[in-house]
Amino acid sequence: MENDQLIATEIFCTNYGIEYSFVQSLQESGLIETVVIRETQFLPVPQLQKIERVIRLYHDLDINIEGIEAIDTLLNRIDYMEKEIIALKNKLRFYEGNRY
């Protein structure tokens, strides 16, 4: 991954007012991925939206890491099913268009 697609975890934590240990907990639970370069931990920029969502769940709704893991699993399932529904609708349109 290119370095311009990474943000230092310490800078992220400072800007968002969160503890470094919280990001470590998220990484250890598998909710986010981090990259270590020369003993410095970085967060991939494409993951920032997900990380921000997790922070809101944790701070605003007071949901613990285990609860966030369950929510993340459910949201991933919903996302998968939405994509599957779109694919099935496209197939249905194709076959409906070829009836005549």
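Whatever comes next refers back to the structure up there.
Here is what the cut-offs are and how they apply
- Residues numbered from 1 in each chain as written.
- Predicted model: local features only at pLDDT ≥ 70, side-chain atom pairs only at ≥ 80, totals over all residues.
- Heavy atoms only, no water.
- Pairing = 2+ DSSP bridges.
- Helix = DSSP H or I, 4+ residues; strand = E, 2+ residues; numbered from the N terminus.
- Axes fitted to C-alpha atoms, helices over the stretch in contact; angles between N-to-C directions.
- Contact = heavy atoms within 4.5 Å.
- Phe/Tyr/Trp six-rings, centres within 6.5 Å; stacked < 30°, edge-to-face > 60°.
- Buried < 20%, exposed > 50% of the residue type's maximum accessible area, 1.4 Å probe, protein only.

### Let's talk about the sheet that holds strand β2 (residues 35-37)
Across a sheet, paired strands are connected by hydrogen bonds in the backbone, their directions being either parallel or antiparallel. In spatial order, the strands read β1-β3-β2; together these three strands make up an open sheet with antiparallel pairing. Two strands bound the open sheet, and with one partner strand each, they are β1 (6-8) and β2. Going across the sheet, the axis of each strand differs from the next one's by a mean of 40 degrees, ignoring polarity. Against the sheet, helix α1 (residues 9-16) makes contact with β1 and β3 (40-44), and its axis sits at roughly 70 degrees relative to β1, the strand it touches most.

### Here's the deal with the packing of aromatic side chains
On inspection of all chains with the given rule, the structure shows three aromatic pairs. Summarising the aromatic geometry, the rings of Phe 22 and Tyr 58 are spaced 4.4 Å apart at their centres and angled 35 degrees between planes, so their arrangement reads as tilted. Residue Phe 22 is located in helix α2 (residues 20-28), and its partner Tyr 58 is located in helix α3 (residues 48-59); the two are separated by 36 residues in the primary sequence. Seen from their ring centres, Phe 94 and Tyr 95 are 5.2 Å apart, and the 75 degrees between their planes marks the pair as edge-to-face. Judged by its relative accessible area of 55%, Tyr 95 is exposed.

### A look at the side chain of Gln 47
Its place among the elements puts Gln 47 in the loop between β3 and α3. Ignoring any residue separated from it by four or fewer positions in sequence, one finds Gln 47 in contact with Ile 32 and Glu 33.

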